[in-house]
Amino acid sequence: MKLWRKPLDQDRVVVPRGEIHLIVERCKGCQLCATYCPRDVLEMSSLFNTRGYHPPQVRNARRCLVCGLCTMLCPEFAIYVEEVGHDQ
Amino acid sequence: MVDELTDVLISKHHPMDKLLRQDRLPHIWCSGCGLGTVLTCFVSALEKLDLDMDQVVVVSGIGCTGRAAGYLNLDGFHTTHGRAIPFATGLKLGNPELKVVVISGDGDLMAIGGNHFIHAARRNMDLTVICVNNFNYGMTSGQLAPTTPTNARTSTSPYGNAEHPFNVPYLAAATGATYVARWTVLHVRRLERSIIEAMNKRGFSVVEVISPCPTYYGRWNKMGSALEQMKYYHDKSTIRHWSDPAQADIGLEGQIIVGRFVDIDKPTFCDLLQGADQ
Ligand SMILES: Cc1ncc(C[n+]2csc(CCOP(=O)(O)OP(=O)(O)O)c2C)c(N)n1
Ligand code: SF4
Ligand SMILES: [Mg+2]
């Protein structure tokens, strides 16, 4: 991120990093998570689950900030994000 | 094969699973239906509310929305069509300590259950009602509902609806509800907050959720994919807190006014009953 001045609290701000978990067989391929992730972390895959739907996959893991929007939007309780440490 | 998914950790359980009946998942709702997200918002609201889950009861009527109670790992009841509110009223009167929530569809609550809705509001029964409005009877293949916008097509109005629809927030406010809000499913955070506020409210609280039914209503009205329908409702909505719900009619086109409309305090039915006792 480009900053126009150094924020006063820069040394205290931590940027969380997340990992995406998927319960593949619950996914119905609605694309909500991949469409609305504000950081473009997800994309739809071309693989099939046993029900014939395309589950999402991660396109850019480093960009996830654990906002949790995918967890909240998923109508199937199929995706969630967990915080795994942070960048300074 | 699915282990070829890039950078995804394959799991068996979801953090919300403790409030869900996992043996019933995946649920029956169509791909892209808004109902699953409403349930996610409800579970997320429950996690944030400091409540004893043994004291929370969810009651549903019949319809796609009516399945909600059956997916929750809480006490609940799937009542007959339209009778979620009277069943919930009985529960609340039998055990006033309970937090009783009704999650049901527009058809269930506004058509066959319409009278129960207005009289529970009039009495100010201490219940929370989450009315999922998909503008039709989804479960029975997309018939006209009392909330179907004028001119909208459904399986029983193939040439366009000739009726005026109910405006749910206006009806709720006019008949006596103490908390009234409306959101679309994509307003997940605001919806979650309104569910929390409604459940904390003493009295008859109503949250209307505008939700896509891509399989019937969306198809009849050529609204595109589930995702497009969801985005359409979100894009058309204007947040106007505390505005007059009389102005919040929903037409086939045009804006959808969302926000919190009513938040007032007045004695509940139980309060008045106890007062009469003394
Ligand atoms: C007494 C009775 N009449 C009619 C029906 C048929 N029926 C089942 S669901 C439903 C409408 C549901 O509509 P809504 O509440 O909007 O739920 P949705 O499926 O749209 O979520 C009807 C009329 C019934 N089950 N019982
Ligand atoms: S029929 Fe409509 S309301 Fe019912 S599950 Fe399918 S999309 Fe949802
Ligand atoms: Mg309906």
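Position labels on residues start from 1 in each chain and follow its written sequence. All chains are assigned letters beginning at A, and all ligands numbers beginning at 1, according to the order in which they are written. Predicted model: local features are reported for residues with pLDDT of at least 70 only, side-chain atom pairs are reported and counted for 80 or more only, and whole-chain, interface and lining totals are derived from all residues. Calculated side-chain values reflect all of the structure's heavy atoms, with hydrogen atoms and water omitted.

A. The arrangement of the site of ligand 2 in detail. Around ligand 2 lies a shell formed by Trp29(B), Cys30(B), Cys33(B), Leu35(B), Cys64(B), Asn134(B), Gly138(B), Cys213(B), Pro214(B), Thr215(B) and Tyr216(B). Three categories are distinguished: nonpolar for Ala, Val, Leu, Ile, Met, Phe, Trp, Tyr, Cys and Pro, charged for Asp, Glu, Lys and Arg, and polar for the others, with Gly belonging to the last. Its residues placed into classes, the shell around ligand 2 shows eight nonpolar, three polar and no charged. The cutoff for a nearby residue is simple: one of its non-hydrogen atoms must lie within 4 Å of the molecule or strand.

B. Region of the structure containing the interface of chain B and chain A. By definition in these notes, contact holds between two residues if any of their heavy atoms fall within 4.5 Å. If you look at the interface, chain B gives 40 residues, while chain A gives 39 residues. Once two parts are joined, some of their accessible surface, as seen by a 1.4 Å probe, is lost; buried area is that loss totalled over both. Interface area for chain B against chain A, summed over the two sides, is near 3,200 Å², with a carbon-plus-sulfur share of 65%. The salt bridge criterion pairs a side-chain nitrogen of Lys or Arg with a carboxyl oxygen of Asp or Glu, the two atoms within 4 Å. Counting across the interface, chain B meets chain A through one salt bridge. Between Arg26(A) and Asp17(B) there is a salt bridge whose closest N-O contact spans 3.1 Å. Pairs of N or O atoms within 3.5 Å make up the polar contacts considered here, provided that, within protein, one atom can donate a hydrogen while the other can accept it, and that residues adjacent in sequence are counted only when both atoms are side-chain atoms. Applying the counting criterion to the chain B and chain A interface returns 18 residue pairs in polar contact (both at pLDDT 80 or more). Secondary structure elements are defined from DSSP: runs of H or I of at least 4 residues count as helices, runs of E of at least 2 residues count as strands, and each element is numbered from the N terminus. In terms of residues, the side of chain B that touches chain A owes the most to one element, helix H1 (residues 35-48) of chain B, which gives seven residues. In this description, strands pair whenever DSSP reports at least two bridges between them. Both strand S1 (residues 15-22) of chain A and strand S1 (residues 9-10) of chain B contribute to a ladder of two bridges, which runs parallel.

C. Representation of the packing of H1(B) against helix H7 (residues 188-200) of chain B within the structure. Residue and element names in this part refer to chain B. Axis separation between H1 and H7 bottoms out at 9 Å; the angle between their running directions is 55°. Of the possible angle classes, the one that applies to H1 and H7 is oblique. The two elements H1 and H7 meet at a crossing, and its hand is right-handed. Facing H1, whose interface residues are Thr37, Cys41, Phe42, Ser44, Ala45, Leu46 and Lys48, H7 presents Val188, Arg189, Leu191, Glu192, Ile195, Ile196 and Met199. Its residues placed into classes, the contact of H1 with H7 shows nine nonpolar, two polar and three charged. Angles shown run from 0 to 180 degrees and are taken between the N-to-C directions of axes, each axis being a line fitted to C-alpha atoms and, for helices, limited to the stretch in contact. If an angle is under 35 degrees, it is roughly parallel; if it is over 145, roughly antiparallel; if it lies from 65 to 115, roughly perpendicular; otherwise it is oblique. Throughout, a crossing is termed right-handed when the near helix is turned clockwise from the far one, and left-handed when it is turned anticlockwise from it by less than a right angle.

D. Structural view of the pairing of strand S5 (residues 128-133) of chain B. Residue and element names in this part refer to chain B. When accessible area is computed with a 1.4 Å probe and restricted to protein chains, residues below 20% of their type maximum are described as buried, those above 50% as exposed, and intermediate ones as partly exposed. Most of S5 is tucked away, with six of its six residues classed as buried. Side-chain alternation along S5 places Thr128, Ile130 and Val132 on one buried face and Val129, Cys131 and Asn133 on a second face that is also buried. Where strand S4 (residues 99-105) lies against S5, five bridges are found, and the strand directions are parallel. Of the residues in S5, the one forming a bridge with Ser104 is Cys131. Pairing of S5 with strand S9 (residues 205-210), which is carried by six bridges, proceeds in the parallel orientation. Directly across from Ile130, in S9, lies its bridge partner Val207.

E. Summary view of the coordination of the magnesium ion (ligand 3). Only nitrogen, oxygen and sulfur atoms count as donors, using a 2.8 Å cut-off from the metal that widens to 3.2 Å for Na, K and Ca. Water is left out, so coordination shells may look unfilled. For the magnesium ion (ligand 3), the full set of protein donor atoms is Asp106(B) (OD), Asn134(B) (OD1) and Asn136(B) (O), at a range of 2.0 to 2.2 Å. The buried category is assigned to Asp106(B), whose relative accessible area is 1%.

F. Spatial organisation of the site of ligand 1. All names here are of chain B. Around ligand 1, the structure places 16 residues, and the nearest of them are Cys64, Thr65, Asp106, Gly107 and Asp108. A distance of 2.5 Å separates an oxygen atom of ligand 1 from a polar side-chain atom of Thr65. Contact distances for ligand 1 include 3.0 Å between an oxygen atom and a backbone N or O atom of Asn136. If you list the elements that add at least two residues to the shell around ligand 1, you get helix H4 (106-112) and strand S6 (136-137). Looking at the shell around ligand 1, its residues break down into five nonpolar, nine polar and two charged.

G. Geometry of the sheet that holds strand S2 (residues 56-60) of chain B. All names here are of chain B. Read from one edge of the open sheet, eight strands run S3-S2-S4-S5-S9-S8-S11-S10, paired in mixed fashion. Looking at which strands have only one partner, the edges of the open sheet turn out to be strand S3 (75-78) and strand S10 (237-239). When the angles between neighbouring strand axes are averaged without regard to direction, this sheet yields 20°. One ladder, built from four bridges, connects strand S8 (residues 179-184) with strand S11 (residues 256-263); its direction is antiparallel.

H. Quick look at empty space enclosed by the protein. All names here are of chain A. Grid spacing is 1 Å over the protein atoms alone, the probe is 1.4 Å, and a cavity is where that probe fits but cannot get out, while a pocket is an open set with protein on both sides within 12 Å along at least five of seven lines and lining residues have an atom within 4 Å of a point. Grid points are joined across faces, edges and corners, and a volume is the space filled by probe spheres set on the points. Taken as a whole and assessed by the stated rule, the structure comprises five cavities of 30 Å³ or more. Taken together, 17 residues make up the lining of the largest cavity; nearest its centre are Cys27, Cys30, Cys33, Cys74 and Pro75. Split into classes, the residues belonging to the lining of the largest cavity amount to 13 nonpolar, two polar and two charged. In this structure, the second largest cavity encloses a volume near 100 Å³. Surrounding the second largest cavity, 14 residues form its lining, Cys37, Val41, Cys64, Cys67 and Cys70 being those nearest its centre.

I. Examining a nonpolar patch on the surface more closely. Nonpolar side chains (Val, Leu, Ile, Met, Phe, Trp, Tyr) are joined into patches within 5 Å and like charges within 9 Å, using only residues with over 30% relative accessible area and no salt bridge. Note on areas: Shrake-Rupley, 1.4 Å probe, and residue coverage restricted to the protein chains presented here. Taken together, Val13(A), Val15(A) and Leu65(A) make up a surface patch of nonpolar side chains, about 180 Å² in accessible area. Looking at the secondary structure, you find Leu65(A) in the loop between strand S3 (56-58) and helix H2 (69-73).

J. Representation of the sheet that holds strand S4 (residues 79-87) of chain A within the structure. In space, the three strands of this open sheet follow the order S4(A)-S1(A)-S1(B), with mixed pairing throughout. Because the sheet does not close on itself, it has two edges, and the strands there are S4 of chain A together with S1 of chain B.

K. Structural context of the packing of helix H5 (residues 114-123) of chain B against helix H6 (residues 168-175) of chain B. Residue and element names in this part refer to chain B. Interhelical geometry of H5 versus H6 gives an angle of 45° and a closest axis separation of 8 Å. The orientation of H5 relative to H6 falls into the category oblique. Seen from H5, the contacting residues are Phe117, Ile118, Ala121 and Arg122; seen from H6, they are Leu171, Ala172 and Thr175. Here the residues of the contact of H5 with H6 are counted per class, giving five nonpolar, one polar and one charged.

L. Geometry of the pattern of salt bridges. Residues and elements named next belong to chain B. If you walk through the whole model with that rule in mind, you get 13 salt bridges over all chains. Between Asp126 and Lys92 there is a salt bridge whose closest N-O contact spans 3.6 Å. Pair noted here: Asp126 is in the loop between H5 and S5 and Lys92 is in helix H3 (residues 84-94), with a separation of 34 residues, a long-range link. For the pair formed by Asp126 and Lys92, the shared burial category is buried. Here Asp271 ties to Arg202 by a salt bridge, and the two come within 2.9 Å at their closest N and O atoms. Placement of Asp271 in helix H10 (residues 269-277) and of Arg202 in the loop between H7 and S9 is noted, with a sequence separation of 69 residues between them. On the basis of relative accessibility, which here comes to 25%, the residue Asp271 falls in the partly exposed class.

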